[in-house]
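# Tertiary structure, described
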Amino acid sequence: MQQVNPARFMDMLQRLATFGAVPGGGVAREALTISELEARRWLCSRFSAPHYRWYMDDAANLFLRRAGLADALTPVMTGSHIDTQPVGGWLDGAYGVVAGMELFLALDDAGIRTQRPLELVIWTNEEGSRFSPGAMGSSAFADPTRLADFLPVTDAGGERFEQARDAARQATPAATSRALGRPVHAYLEAHIEQGPVLEDGGFQLGIVTGIQGVRWFEISVTGVSAHAGTTPLAARHDALMSAAQLISRLGEMAAARQDPALRFTVGRLEVSPGSINTIADRVTFTIDLRHPEEAVLAEMEALIRQTVEAKTGACGYALRSLMRRPPTRFDKAVIETVAAAVSATGAPACRLGSGAFHDAMYLADVCPTAMLFVPSHKGISHNPAEDTAEADLVAGVRALAGAVITLATP
Ligand code: GLV
Ligand code: MN
Ligand code: MN
Ligand code: MN
């Protein structure tokens, strides 16, 4: 689409990165924090023409609706998330949201009103680093009964998701409230790849065919706190020593499978009371497990449970499931629409599966869905060094525009 304006698009992307910018690099804009709410307010301030309306639902998902010529038809939706990891990069999520903003502004410049209404969505808490599980907003949109499980979830400081959601409502007066979940004609999400496949292959665009499965667990190890200077080694119930042994046993077990598609990560370790001269009485750690095949995830979960249950001795062990999502396969027709729009840009492209999860995995439950990737420099993401060449970012916006315009024509 000719009206896509690279300078305006890059300017908006850079502006969004100032909300929660960390001196020295990276963005700290976890879900529903003050920085994220300020960024949401800035987004709202950019669109106020009469054919635009802002809405927010009970999961604090924020929607910008662009009226269609046949406005009673179900909308075509695009978007992503603007929450980040505790310190993340500037493009994860933000890219898909700003790509949608640029698409809407380019349509305005071209004087185009699509038949179907369009909606740009900013999903709540995709990352899951502040409130677990991830992709909470899109999950609740796809199945509103899940909201009841999410509202009581607390962050590390004890704030409930429900409180944060209410604060978001108050901070976004421009958005009218709207019920959670509704029919969508099609969903298309643009995102950075967050892995090395596109860059290594010399591709500018990726047509995403699906998302691998993911399971999250939290394991708690309970011991007894005691004085570090007086308690003999043999008399201890040391939760941290036990957790360290368990983590290394689980890591060895994952590595022993020699499966290049398996991902196993212990990314969070909390130690109580966390004092240099007190033996730890409680440790919790998380496991993020991923694989493209559900059967492998089930087998790995059984092995993890067996390994935890087999741990006997001084401490107690408990395992809790935090997130469980089978592999997602995107809709064939939307994939082909994306492929045609990509091919019209002339950019070198390939088809690939996603290693990261995205809100699109829940939208795929309720409407025809697919994704579009742009390369990530050296495959780096969830890291302040995350980056993508401007030409690739812009090629993605053009392909997104082509595909959304096609999908919005009934
Ligand atoms: C989302 O950020 C993921 O962990 O894949
Ligand atoms: Mn993301
Ligand atoms: Mn992410
Ligand atoms: Mn993600």
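Residues numbered from 1 in each chain as written. Chains lettered and ligands numbered in written order. Predicted model: local features only at pLDDT ≥ 70, side-chain atom pairs only at ≥ 80, totals over all residues.

### Side note on the overall build of the protein chain
Across its full length, the protein chain carries 12 helices and 15 strands. Each principal axis of the C-alpha atoms in the protein chain carries an extent, and together these give about 80 × 45 × 40 Å. When the 410 residues of the protein chain are sorted by exposure, 48% land in the buried category. Once local pairs closer than 6 in sequence are excluded, the contacts in the protein chain between residues at least 24 apart make up 79%. (Helix = DSSP H or I, 4+ residues; strand = E, 2+ residues; numbered from the N terminus. Buried ≥ 20, exposed ≤ 12 C-beta atoms within 10 Å, placed from the backbone. Contact = placed C-beta atoms within 7 Å.)

### Re the site of ligand 1
E127, G134, A356 and F357 make up every residue found near ligand 1. Across the shell around ligand 1, the residue classes break down as 2 nonpolar, 1 polar and 1 charged. (Near = placed C-beta within 6 Å. Nonpolar A, V, L, I, M, F, W, Y, C, P; charged D, E, K, R; others polar.)

### Notes on the UniProt feature "binding site: Zn(2+) 1" (unreviewed entry) in the protein chain
Per the UniProt record, "binding site: Zn(2+) 1" (unreviewed entry) is found at H81, D92 and H191. Spatially, the listed residues are clustered: although they cover 111 residues, their C-alpha atoms lie within 9.7 Å of one another. Beyond its immediate chain neighbours, meaning those up to four positions away, D92 contacts T84, I192, Q194, S381 and E386. Within the fold, H191 resides in strand 6 (residues 186-192). A count of 28 C-beta atoms within 10 Å places H191 in the buried class. Beyond its immediate stretch of four places on either side in the chain, H191 contacts S80, Y95, G96, H358, M371 and F373. (UniProt positions renumbered as here; feature names shortened; annotations may be inferred.)

### Here's the deal with the nonpolar core
Formed by 114 residues in total, the largest nonpolar core has its most connected members in V98, L188, V338, L372, L400 and V404. Among the elements that line this core, the one with the most residues is helix 12 (residues 390-407), at 11 residues. Residues from two domains meet in this core; each of domain 1 (6-212 + 327-407) and domain 2 (216-325) gives at least three. Apart from the residues lying within four places of it in its own chain, the contact partners of V98 are F9, M12, L13 and L16. (Core = buried A, V, L, I, M, F, W, Y, C linked by C-beta atoms within 7 Å. Domains from an automatic or database assignment.)

### Notes on the UniProt feature "domain: Peptidase M20 dimerisation" (unreviewed entry) in the protein chain
With numbering aligned to this structure, UniProt lists the feature "domain: Peptidase M20 dimerisation" (unreviewed entry) at residues 210-311. Along residues 210-311, the helical share is 34% and the strand share 28%, with 37 Å between the first and last C-alpha atoms.

### Thoughts on the confidence of the model for the protein chain
One rule of thumb: low pLDDT means the predicted coordinates there are not for detailed reading. Residues of the protein chain with pLDDT of at least 70 account for 100%, and the chain-wide mean is 97. If you check the scores for this complex, the pTM reads 0.96 and the ipTM reads 0.97. (pLDDT = per-residue confidence, 0-100.)

### Structural notes on unusual backbone geometry
Residue S132 is joined to P133 through a cis peptide bond whose omega torsion reads 5°. The omega torsion across S272 and P273 is 0°, close enough to zero to call that bond cis. Summarising the element assignment, P273 is placed in the loop between strand 10 (269-272) and strand 11 (282-291). Residues other than glycine seldom take positive phi values, yet K378 does so here, at roughly 55°. By the element assignment, K378 lies in the loop between strand 15 (369-374) and helix 12. Residues other than glycine seldom take positive phi values, yet H382 does so here, at roughly 55°. For H382, a count of 17 C-beta atoms within 10 Å corresponds to the partly exposed category.

### Let's talk about the packing of helix 10 (residues 332-345) against helix 12
In a packed pair of helices, the relevant descriptors are the angle between the two axes and the axis-to-axis distance. One can describe the packing of helix 10 onto helix 12 by two numbers: an axis separation of 8 Å at closest approach and a directional angle of 135°. Looking at the two axes, helix 10 sits oblique to helix 12. When the axes of helix 10 and helix 12 are compared, the crossing they make is right-handed. From helix 10, T337, V338, A341, V342, A344 and T345 reach across to helix 12, where they touch A395, R398, A399, G402, A403, T406 and L407. Across the contact of helix 10 with helix 12, the residue classes tally to 8 nonpolar, 4 polar and 1 charged. (Axes fitted to C-alpha atoms, helices over the stretch in contact; angles between N-to-C directions. Parallel < 35°, antiparallel > 145°, perpendicular 65-115°, else oblique. Left-handed = near helix turned anticlockwise from the far one by under 90°.)

### Concerning the pairing of strand 4 (residues 118-123)
In terms of residue burial, strand 4 counts as a mostly covered element, since 6 of its 6 residues are buried. Here strand 4 shows two buried faces, one formed by L118, L120 and I122 and the other by E119, V121 and W123. Here strand 2 (residues 62-66) runs beside strand 4; their pairing, made up of 5 bridges, is antiparallel. By the bridge assignment for strand 4, R65 is matched with E119. As paired strands, strand 3 (residues 76-81) and strand 4 are joined by 6 bridges and run parallel to one another. Residue pairing in the sheet places M77 in a bridge with E119 of strand 4. Of the crossover connections in this fold, the one passing from strand 3 over helix 3 (residues 94-110) to the parallel strand 4 is right-handed. (Pairing = 2+ DSSP bridges. Right-handed = clockwise from strand over helix to strand, strands pointing away.)

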